[in-house]
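Fold and contact review
Chain by chain, the residues:
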Amino acid sequence: FLLLWSAVLIMYPTSLAVIALTFSNYVLQPVFPNCTPPYNASRILSMVCLLLLTWVNSSSVRWATRIQDIFTAGKLLALALIIIVGFIQIFKGNYEELTLSNAFNFWMTPSVGHLALAFLQGSFAFSGWNFLNYVTEELVDPRRQNLPRAIFISIPLVTFVYTFTNIAYFTAMSPQELLSSNAVAVTFGEKLLGYFSWVMPVSVALSTFGGINGYLFTSSRLCFSGAREGHLPSLLAMIHVEHCTPIPALLVCCLATLIIMLVGDTYTLINYVSFINYLCYGVTIIGLIVLRWKKPKIFRPIKVNLLVPITYLAFWAFLLIFSLYSEPVVCGVGLIIILTGVPVFFLGVYWRNKPKCVNRGI
């Protein structure tokens, strides 16, 4: 319940807000080439995009999945272009920033805590690795083939693409230029693609548009499932009679994201989201190991070697302990966000004999 509460309250709205703002920044960057796009213009465009995709997801599951397929293909093509240009740069000898002497030339000596926090923030880019599990009910034959196959293909592919894209960036930019750029891919395109530099903002905008669609699709299913289990108001478990889409859950996800955009410092919230994510993932993996030990004979459609979760837990413990040590305020706020769900659980879920007026309201 606490994971569900944190996800609905802060995790997915923050992630959606970040992707939507990235979309608006890349769309507006060519219009404002010499400065950061205006705050209000960026927010308004992000909201329009979010509302449009909420309508699409509410209207048809088929439309939503088609958009996801098309824009994912476009995203991979754009990233492939960046990687190819990066390799061409390397073959030309333009890899000064990738040499060992420059790659590890820090302007400040990082502590172990800083490294842990860097991993925690970097993990935000990979935070969608478990989203496929949220839509297993809508997959064909998820247990035997499709779910494991999709995971085995997607995670190595994303890791490969993400790593080599960043290597390509460093063939054209120094770390300082990369950090100061408001739209990294645009800066990369301006330096190396010349007349075709317009391809980069268009490609990233299309990529993030598909990302918003994917987040809406999966997060609404999590909200829908939680309501069906009695952990959220029953209204959120309702679906449209004709379209078979969870419209109430989609509207809640959309509304929470709009609120985050309006009142939240979105990029500061990334730290809180990353901490909450990793804390919940680790507890989930611990639960898997406990179940293997206490209930070894139960049926498991998908089963992995115990070495996999144990290795994950070792890395998880390193990240969590040193993040707590180096950034106690960030981690403390993350814990507070999770714990705000405790009274909600006891009032809304644990308390069974509620008055009829309360039950009707829920």
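Residues numbered from 1 in each chain as written. Predicted model: local features only at pLDDT ≥ 70, side-chain atom pairs only at ≥ 80, totals over all residues. Heavy atoms only, no water.

So, on to the overall build of the chain. Summing up its helical and strand segments, the chain has 15 helices and zero strands in all. Relative to the compact-globule value of 21 Å for 362 residues, the chain shows a C-alpha radius of gyration of 22 Å, a close match. Along the three orthogonal principal directions, the C-alpha set of the chain runs to about 70 × 45 × 45 Å. Looking at the chain alone, contacts between residues at least 24 apart form 74% of all its contacts between residues at least 6 apart. Total accessible area computed for the chain in this model is approximately 20300 Å², and 70% of it derives from carbon and sulfur atoms. A gap of 17 Å separates the mean positions of the 21 positive and 12 negative side-chain charges of the chain. (Helix = DSSP H or I, 4+ residues; strand = E, 2+ residues; numbered from the N terminus. Rg over C-alpha atoms; globule rule 2.2 N^0.38 Å. Contact = heavy atoms within 4.5 Å. Areas by Shrake-Rupley, 256 points an atom, 1.4 Å probe, with all protein chains shown as cover. Lys, Arg positive; Asp, Glu negative; His and termini not counted. Charge placed at Lys NZ, Arg CZ, Asp CG, Glu CD.)

On the UniProt side, "signal peptide" (unreviewed entry) is annotated at positions that read residues 1-17 here. Summarising residues 1-17: 94% helix, 0% strand, and an end-to-end C-alpha distance of 23 Å. (UniProt positions renumbered as here; feature names shortened; annotations may be inferred.)

Another point: a nonpolar patch on the surface. There is a patch of nonpolar side chains on the surface, built from Leu2, Leu324, Leu335, Leu339, Val342, Phe346 and Tyr350 and spanning about 620 Å² of accessible area. Among the secondary structure elements, those contributing two or more residues to the nonpolar patch are helix 13 (328-339) and helix 14 (341-350). For the nonpolar patch, the element with the highest residue contribution is helix 14, accounting for three residues. Mapped onto the elements of the fold, valine 342 is located in helix 14. Using a relative accessible area of 31% as the deciding quantity, one classes valine 342 as partly exposed. (Patch = residues over 30% accessible without salt bridge, like charges linked within 9 Å, V, L, I, M, F, W, Y side chains within 5 Å. Salt bridge = Lys/Arg side-chain N within 4 Å of Asp/Glu carboxyl O. Buried < 20%, exposed > 50% of the residue type's maximum accessible area, 1.4 Å probe, protein only.)

Two elements in contact, helix 2 (residues 39-59) and helix 3 (residues 61-91), have axes whose closest approach is 5 Å; the angle formed by their N-to-C orientations is 125°. Taken together, helix 2 and helix 3 sit at an angle that is classed as oblique. Across the interface between the two elements, Leu53, Trp55, Val56, Asn57 and Ser59 of helix 2 pack against Trp63, Ala64 and Ile67 of helix 3. (Axes fitted to C-alpha atoms, helices over the stretch in contact; angles between N-to-C directions. Parallel < 35°, antiparallel > 145°, perpendicular 65-115°, else oblique.)

On to the side chain of threonine 245, then. For threonine 245, the location among the structural elements is in the loop between helix 9 (199-228) and helix 10 (247-263). Residue class for threonine 245 comes out buried when judged on its relative accessible area of 0%. For threonine 245, the side chain forms a polar contact with the main-chain oxygen of serine 58, separated by 2.6 Å. When residues no more than four places from it in sequence are discounted, the contact partners of threonine 245 are Asn57, Ser58, Ser60, Val61, Met238, Ile239 and His240. (Polar contact = N/O pair within 3.5 Å; in protein donor to acceptor, adjacent residues only side chain to side chain.)

In this structure, Leu50, Ile212 and Leu216 are the most contacted members of the largest nonpolar core, which totals 57 residues. Per element, the largest residue contribution to this core is 10 residues, and it comes from helix 1 (residues 2-28). A domain split of this core shows at least three residues from each of domain 1 (1-96 + 153-264) and domain 2 (266-361). With near-sequence residues (within four places) excluded, leucine 50 lies in contact with Leu16, Ile212, Leu216, Cys254, Thr257, Leu258 and Met261. Core analysis: the next-biggest nonpolar cluster, separate from the first, contains 17 residues, Val85, Leu178, Ala185 and Met200 among them. (Core = buried A, V, L, I, M, F, W, Y, C linked by side-chain atoms within 4.5 Å. Domains from an automatic or database assignment.)

This part takes up the environment of serine 225. Take serine 225: it is sitting in helix 9. Put simply, serine 225 and leucine 4 are 221 residues apart on the chain and 9.7 Å apart in space, counted from C-alpha to C-alpha.

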